[in-house]
Each structure stands twice: as structure tokens, then as C-alpha cells.
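One letter stands for each residue in the lines below.
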Amino acid sequence: MPRRSSSPGRRIASVRGAAAWVDRVGLAVLYPNDNLVLPSLWEALTGRLDVDWAVREDGGRFVDFTPDFARVWRWKDELPEQRLVCAGKHLGGRASLVSLRLLPALYALTGRSGRPDDFREEELSPVERDVAEALLAGDPISSADLPDLVGHDRKQARAAADRLQRRLILTSAGREERERGWPAVVLDLLARRYRASLRRRLPKAEDALAELAAAALRSAGEISAADLAAVLGCTRSDAAAALDRLVERGQANHRDEEGFRLWSSS
């Protein structure tokens, strides 16, 4: 399905402006991604789908980030650090942004209670469990320090942290500057960091799916069940059922094209 470039409209000028944009769209990615039909913060800032990220010398050597890329790169850490937006590899395994108003619906899809230790209800690998337990026992920690803390090699620990973000167990909490190399992402337990958003009763899974489907549909204009399933990590049949609920409510229309169904906002 073709992607649409979103107009930047009034230029986002601050991290607070970025947070307000995420709150409007509900679900977003940091940079455009062909596999996820979600708006990106990059598009909202620049109005472009192409990501121009590097300033280089004549010989091609990297000098610095472009100003727009540097701004988005900085905001991806500042937004969760200030608890303005939930950020991490939560949607399709990509760097993504979730508004706090939609976070309860997204979390409801896990089937967990919303307590900081609710990951103990899940079947986790030994490395994943060690990572989650280490975070529960202490403060947020940088991805660079995580391997030493849990006693696993760097590749295993980082892969486990990525998987735990997809399962909404871990989330980004900002960044930590390092003496050498790039800054490191700081990780926290999602349910602990956003306990204020999750303290109320979470919606039922079918209501949560419909709410999330409505947000995705508003942004994309038209989507398939496969598109929604890729974003939320649910089955295509569950995604189709959620979109059909929107049709029943008069919030969406559907049409069949070349053997598959598309839903559009009404």
C-alpha cells in the first residue's frame, strides 16, 4: 500500500510540541517505515519521507547529523525521559512513540495486570527474566551497563532487551552519555515508569483493539488487517474483527480489492 507523506503544518519547535503531536496521532514511529502504516515524527517535522541524516565532507566522511535528524534523535530520548510519551521498540519492533492516553489500550493487549512485576506472569527465556528482574530490583539502567549487571554477554542482553520492549515489559527512559562512543539508551520497566497511566482498570482486549485500530486508521486513511496486525503484533483475524467493529459503529467503511479487504475512515 502506498505511503503518504504528512504535511508538517505548523513546524514542531520543541520537545513539548513533539509530545503534543504524538498525543494527537496516538501511535507513531520515529522515522518512516514501509512496513508500518504509521505517521513518523520525522515526517511531522520535515514533511518528507526521505531521511537526510548525515552531513559529510567532500570525501564522504561523516561530520555530524543534519539539524533535523539531530532534533528528532534528541527528542526520542527527551520524550520518555520527561515522561511525556512512551517510547521504545514497542510497535513492530521499531523505534516508536505511544501517547499516554493510548498506552492503557496498548498494554491491555498483553493480558497483564499493569503492575511493575507483572512480567512474572509471562513465559520468558532465562536471559529475558534476568534482565527484567535486574530492572525490578534497581533503578533504570543504560543498555551499555546491562550486560555486566545481568551476567550475560552483550549480544544476548541487548537482544533480550529488544524482545522485552516488543512485549511492553521494558521501555526507554532517556539516554546516558558515555566517555567513548555513542550515548546509551536508558531502560526501565514500562509498568513502573508509567504506573500513573496504568493504575486504572485496563480496557478489555476487544475494546482496546478497536481503540488502537481507530487511531491507526485516522492516521493512515486506509489500511488492511495485515497492516494493523504488523503494528500491534496481533493476529490478522483479531485485527479484522477490530476494524469491523469500527464499521459497525459508523467510524469506518470497507471495500474489497483484488481478493483482500481494505478499511477506510468514514
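A quick note: this is a predicted structure, and the numbers were derived from the prediction, not measured.

S.K.: Talk me through the pairing of strand 11 (residues 260-265); I want residue IDs and the actual numbers.
M.R.: Inspection of the sheet shows strand 9 (residues 222-224) paired to strand 11 by three bridges, in the antiparallel sense. Within strand 11, the position partnered with Ile223 by the bridge is Trp263. Looking at chain direction, strand 10 (residues 252-257) and strand 11 are connected through six bridges and run antiparallel. Considered in strand 11, the bridge of Glu257 is made with Phe260. Where strand 10 folds back onto strand 11 in an antiparallel hairpin, the turn is made up of two residues, including Glu258, whose phi is positive at roughly 50°.

S.K.: Can you tell me about the sheet that holds strand 6 (residues 141-142), naming the residues and giving the values?
M.R.: The strands that make up a sheet are held in pairs by hydrogen bonds between backbone atoms, and each pair lies either parallel or antiparallel. Read across the open sheet, the three strands follow the order 6-8-7; overall the sheet is antiparallel. A single partner strand is all that each edge strand has here, and the edge strands are strand 6 and strand 7 (170-176). The pairing of strand 6 with strand 8 (residues 184-189) spans two bridges and is classified as antiparallel. When the sheet's bridge partners are listed, Ile141 is paired in strand 8 with Leu187. The sheet contacts of helix 7 (residues 154-166) involve strand 7 and strand 8, and relative to strand 7 the element is tilted by about 125°.

S.K.: I'd love a proper account of the environment of Ala210, names of residues and values included.
M.R.: For Ala210, the position within the fold is in helix 10 (residues 205-220). Judged by its relative accessible area of 1%, Ala210 is buried. C-alpha of Ala210 to C-alpha of Leu243: the two residues are 33 residues apart in sequence and 6.6 Å apart in space. With residues up to four places along the chain from it excluded, the contact list for Ala210 reads Ala242, Arg245, Leu246 and Arg249.

S.K.: Help me get a handle on the sheet that holds strand 9, residues and values and all.
M.R.: Taken in spatial order, the three strands line up as 9-11-10 in an open sheet, and their pairing is antiparallel. Edge positions in the open sheet fall to strand 9 and strand 10, since each of these has one partner strand only. Neighbour to neighbour, the strand axes of the sheet diverge by 30° on average, direction disregarded. The strands that helix 11 (residues 225-232) touches are strand 9 and strand 11; relative to strand 9, the one it contacts most, it runs at about 80°.

S.K.: Account for the nonpolar core, naming residues and giving values.
M.R.: Membership of the largest hydrophobic core comes to 44 residues, with the highest contact counts inside it found for Leu27, Leu190, Ile223, Leu228, Leu232 and Leu246. Listing elements by their share of this core, those giving two or more residues are strand 1 (27-29), strand 4 (86-91), helix 4 (103-108), helix 8 (190-193), helix 10, helix 11 and helix 12 (236-248). Sorting elements by how many residues they give to this core places helix 10 first, with ten residues. In this structure, Leu27 is in contact with Leu38, Pro39, Leu91, Leu97, Val98, Leu102, Leu212 and Leu232, ignoring residues within four places of it in sequence. Membership of the second largest hydrophobic core comes to 23 residues, among which are Ile12, Ala19, Val22 and Leu84.

S.K.: Lay out unusual backbone geometry in plain terms, naming residues and giving numbers.
M.R.: For Arg83, which is not glycine, the phi dihedral falls at a positive 55°. One can find Arg83 in the loop between helix 3 (67-81) and strand 4. Note on Arg83: relative accessible area 42%, which makes it partly exposed. Of note in the backbone geometry, Leu168 takes a positive phi value of approximately 60° without being a glycine. Among the structural elements, Leu168 can be located in the loop between helix 7 and strand 7. With a relative accessible area of 4%, Leu168 lands in the buried category.

About the thresholds
- Residues numbered from 1 in each chain as written.
- Predicted model: local features only at pLDDT ≥ 70, side-chain atom pairs only at ≥ 80, totals over all residues.
- Heavy atoms only, no water.
- Pairing = 2+ DSSP bridges.
- Helix = DSSP H or I, 4+ residues; strand = E, 2+ residues; numbered from the N terminus.
- Contact = heavy atoms within 4.5 Å.
- Axes fitted to C-alpha atoms, helices over the stretch in contact; angles between N-to-C directions.
- Buried < 20%, exposed > 50% of the residue type's maximum accessible area, 1.4 Å probe, protein only.
- Core = buried A, V, L, I, M, F, W, Y, C linked by side-chain atoms within 4.5 Å.

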